[in-house]
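The chain contents come next:
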Amino acid sequence: MAVKRVRFTFPEELIREPIIYRLGHEFRVITNIRMADVDEHTGWVILELEGDPDEIERSLRWAEAQGVRVDPITGDVVEG
Amino acid sequence: MSFATELRCRECHRVYPLQALHACEFCFGPLEVVYDYEALRKHVSRRRIEAGPPTLWRYRDFLPCDADAAIDIGAGFTPLIHAKNLGKVLGLPKLYLKNDTVNPTWSFKDRVVAVAATRARELGFQKLACASTGNLANSVSAHAAAAGMEAIVFIPADLEEGKIVGSSIYGPTLVKVRGNYDAVNRLCAELAGAYNWAFVNVNVRPYYSEGSKTLGFEVAEQLGWRAPDHCVVPIASGSLFVKIRKGLNELARVGLIEEPRTRMSGAQAAGCSPVATAWAERSMNFRPQKPNTIAKSLAIGNPADGYYALVQLRDTNGDCGSVTDDEIVEGMKLLAETEGIFAETAGGVTVASLKQLVERGSIHPDELVVAFITGAGFKTIDAVAGRLKPALEIDANLESFERAYGALLHTGVA
């Protein structure tokens, strides 16, 4: 089991979608919202995901395929 | 000795020991080094600093590590140039350039890495790591080599050979990571958590970012112990932009300069402008972007200090430029042709933004302006190749030269 913290950023077209609920149902990961700020145009959520590392990765790739931007919570780690 | 006392969360102000920590466990806010400013005030003086070495270590008392054990390859104390020619073109008679292209690995990253590496070694780390597409990798590799530490540098697998050489010459372990930018980014964040290495811009970031303050210190000292009226700074993660002002504030706090009224303006490439875009929309929430610009050293789509950069723009009555790739190249050429400084693309962003900010009235002609040129042009030759005046090619005789040069004079472009 592993725990991973990521930041989801939602575009306007996904604001009304229950993405995190679906992620928790379609993958064997426990989701825990630690912080969030969502309004009618955009939103971000700091999410803790607990589960098998490969399953977590699959769930994140699924979220990206839905249109969510997934980042490390620290901001970009790769610098120029 | 250091006057650093603790780490403190910028958001909730929880306090942490001076260890390899970077984010608050409770609110995930960034941690920042706190100093005993009362003790510092009694200890420092202009004379003490002026008697120090011609490197950033002359400001040792303001840094979060023991300078007696510094990993010093000569970073910092770079020239501050009164840019009369560029100033004339832009209508800024009091324009100065802080030329950080002349650092040991030719970028300002030597400042942050010098401090991070020194602190990392103090904390007992043997391995210095980073994920980078250029300048940071060069600097980490060089400092680790000088310190006898092992460098582990992660780079995107498709990075150009020229950029790899600038790191691999120092003998680091280079790891090419296959995948798109976001995947590489996420993996490296995970690696930083999984291994007990000093990842310079992750788990030792509070110390790393303090190195940028030295640009503020130097500018104030080089101006005769005064703060500039206006700074124009390229924004990538936003840390440099915020820390230059912190440096000026600290000098005032310990009584070495008057309280700064410096306006802080930023510079971003239009192809990666999360801060400039939010600023233009008068929003304090930036939206992460997918970078698409020739200014690779500024290509941070999700800047760690983006929010704080926006706060500083607001609080200091600054502005933020956003310039196209063509404008970046023109900025590089303008800087080189007027002041003899060949800067990398980030320098083009700064000069082009400077021009943009003057044109829209955000910089006043009577202000003492300092623009920060953060990296050397030989790192990004591809950006200008093919866009410069071609050479004359001649046979090895006088007649051939005179024919070619005469033709040039005739066209009026000599």
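So, how was this worked out
Residues numbered from 1 in each chain as written. Chains lettered and ligands numbered in written order. Predicted model: local features only at pLDDT ≥ 70, side-chain atom pairs only at ≥ 80, totals over all residues. Heavy atoms only, no water. Helix = DSSP H or I, 4+ residues; strand = E, 2+ residues; numbered from the N terminus. Rg over C-alpha atoms; globule rule 2.2 N^0.38 Å. Buried < 20%, exposed > 50% of the residue type's maximum accessible area, 1.4 Å probe, protein only. Lys, Arg positive; Asp, Glu negative; His and termini not counted. Charge placed at Lys NZ, Arg CZ, Asp CG, Glu CD. Contact = heavy atoms within 4.5 Å. Buried area = accessible area lost by both parts, 1.4 Å probe. Salt bridge = Lys/Arg side-chain N within 4 Å of Asp/Glu carboxyl O. Arc of directions from axis to C-beta. Pairing = 2+ DSSP bridges. Axes fitted to C-alpha atoms, helices over the stretch in contact; angles between N-to-C directions. Patch = residues over 30% accessible without salt bridge, like charges linked within 9 Å, V, L, I, M, F, W, Y side chains within 5 Å. Areas by Shrake-Rupley, 256 points an atom, 1.4 Å probe, with all protein chains shown as cover. Right-handed = clockwise from strand over helix to strand, strands pointing away. Phe/Tyr/Trp six-rings, centres within 6.5 Å; stacked < 30°, edge-to-face > 60°. Left-handed = near helix turned anticlockwise from the far one by under 90°. Nonpolar A, V, L, I, M, F, W, Y, C, P; charged D, E, K, R; others polar. Core = buried A, V, L, I, M, F, W, Y, C linked by side-chain atoms within 4.5 Å.

Asker: Residue-level account of the overall build of chain A, with values.
Answerer: Across its full length, chain A holds two helices and four strands. When the helices and strands of chain A are listed from N to C terminus, the series reads β-α-β-β-α-β. A compact globule built from 80 residues would reach a C-alpha radius of gyration of about 12 Å, and chain A, at 12 Å, matches this within 12%. Its C-alpha atoms put chain A at 35 × 35 × 20 Å along the principal axes. Put simply, chain A has 80 residues, and 46% of those count as buried. Across chain A, the mean location of the 10 positive side-chain charges is 4 Å away from that of the 17 negative side-chain charges.

Asker: Would you mind going over the interface of chain B and chain A in detail, with residue names and values included?
Answerer: In many reports, interface size means the accessible area that the parts give up when they come together. Across the boundary between the two partners, chain B contributes 36 residues, which contact 24 residues of chain A. Summed over both sides, the interface of chain B with chain A buries roughly 2600 Å², with 52% coming from carbon and sulfur. Looking only at chain B, the three residues that lose the most surface to chain A are Phe28, Arg186 and Asn302 of chain B, adding up to 31% of its buried area. Our enumeration of links across chain B and chain A arrives at six salt bridges. For the salt bridge of Arg186 of chain B with Glu57 of chain A, the shortest nitrogen-to-oxygen distance reads 3.8 Å. Looking at the side of chain B that touches chain A, the elements with two or more residues in it are helix H5 (135–147), helix H7 (181–194) and helix H8 (205–210) of chain B.

Asker: Explain helix H1 (residues 19–26) of chain A to me, using residue names and the numbers behind them.
Answerer: Residue and element names in this part refer to chain A. Buried within H1 we find Ile19, Ile20 and Leu23. One side of H1 holds all its buried residues, which, seen down the axis, span an arc of 95 degrees. Among the exposed residues of H1, those oriented more than 90 degrees off its buried face are Tyr21 and His25. Each element contacted by the buried residues of H1 is listed here: strand E1 (2–10), strand E2 (29–38), strand E3 (43–51) and helix H2 (53–66).

Asker: Run through the sheet that holds E2 of chain A, naming residues and quoting values.
Answerer: All names here are of chain A. Read from one edge of the open sheet, four strands run E2-E3-E1-E4, paired in antiparallel fashion. A strand with exactly one partner marks an edge of an open sheet, and here the two such strands are E2 and strand E4 (69–72). Going across the sheet, the axis of each strand differs from the next one's by a mean of 30 degrees, ignoring polarity. For E1 and E3, the ladder comprises nine bridges, and the chain directions are antiparallel. Paired with Phe8 across the two strands is Val45, which belongs to E3.

Asker: Pulling in residues and values, what's your account of a nonpolar patch on the surface?
Answerer: On the surface, Leu392, Ile394, Leu398, Phe401, Tyr405 and Leu409 of chain B cluster together into a nonpolar patch covering about 550 Å² of accessible area. For Leu409 of chain B, the location among the structural elements is in helix H15 (residues 398–411).

Asker: Explain the pairing of strand E10 (residues 230–234) of chain B to me, and be specific about the residues and the numbers.
Answerer: Residues and elements named next belong to chain B. Most of E10 is tucked away: five of the five residues are buried. Of the two faces of E10, the one holding His230, Val232 and Pro234 and the one holding Cys231 and Val233 are both buried throughout. As defined by bridge partners, E10 adjoins strand E11 (residues 263–269) across five bridges and the pair is classed as parallel. Opposite Pro234, over in E11, you have Ala267 as the bridge partner. What joins E10 to E11 is helix H10 (residues 239–253), and the crossover it makes is right-handed. As defined by bridge partners, E10 adjoins strand E13 (residues 369–373) across three bridges and the pair is classed as parallel. Within E13, the residue paired with Cys231 across the bridge is Val370.

Asker: Go over the sheet that holds strand E8 (residues 173–177) of chain B with me, naming the residues and quoting the values.
Answerer: Residues and elements named next belong to chain B. The four strands lie next to each other as E8-E7-E6-E9, forming an open sheet whose pairing is parallel. Looking along the sheet, the strands with just one partner apiece sit at the ends: E8 and strand E9 (198–199). Bridge analysis of strand E7 (residues 150–156) against E8 gives five bridges, and the strand direction is parallel. Its bridge partner being in E8, Val153 is matched across the sheet by Leu174.

Asker: Can you tell me about the packing of aromatic side chains, naming the residues and giving the values?
Answerer: Residue and element names in this part refer to chain B. In this structure the tally under the stated criterion is eleven aromatic pairs over all chains. When the ring of Tyr35 is compared with that of Tyr37, the centres are 6.0 Å apart and the planes differ by 55 degrees; the resulting orientation is tilted. Neither Tyr35 nor Tyr37 differs from the other in exposure class; each is buried. Here Tyr59 and Phe217 contribute two aromatic rings whose centre-to-centre distance is 5.2 Å and whose plane-to-plane angle is 40 degrees, an arrangement assigned as tilted. Taken together, the residues Tyr59 in the loop between helix H2 (46–50) and strand E4 (80–82) and Phe217 in helix H9 (residues 213–222) connect sequence positions 158 residues apart. Residues Tyr59 and Phe217 agree in their burial class; the two are buried. Members of the aromatic cluster, connected to one another through ring pairs, are Phe154, Tyr195, Trp197 and Phe199.

Asker: Tell me about the packing of H2 of chain A against H7 of chain B, and name the residues and values.
Answerer: Where H2 of chain A contacts H7 of chain B, the axes come no closer than 13 Å and their chain directions differ by 145 degrees. For H2 of chain A against H7 of chain B, the interelement crossing comes out right-handed. Here Glu57, Leu60 and Glu64 of chain A of H2 of chain A come into contact with H7 of chain B, specifically with Asp182, Arg186 and Glu190 of chain B. Each residue belonging to the contact of H2 of chain A with H7 of chain B can be placed in one class, and the counts come to one nonpolar, no polar and five charged.

Asker: Let's hear about the environment of Gly306 of chain B: which residues, and what values?
Answerer: All names here are of chain B. Assignment of secondary structure puts Gly306 in helix H12 (residues 306–315). For Gly306, a relative accessible area of 0% gives the class buried. Put simply, Gly306 and Ala276 are 30 residues apart on the chain and 9.8 Å apart in space, counted from C-alpha to C-alpha. Beyond its immediate sequence surroundings of up to four residues, Gly306 is in contact with Ser237, Val275 and Phe286.

Asker: Mind laying out the nonpolar core, listing which residues take part and the relevant values?
Answerer: Residue and element names in this part refer to chain B. Counting residues in hydrophobic clusters, the biggest one holds 52 residues, and the most contacted among them are Phe62, Leu128, Val140, Val200, Leu251 and Leu256. When near neighbours in sequence (up to four residues on either side) are disregarded, Leu251 contacts Phe62, Gly216, Phe217, Ala220, Trp225, Leu256 and Ile257. Core analysis: the second largest hydrophobic core is formed by 25 residues, Leu223, Val233, Met264 and Leu310 among them.

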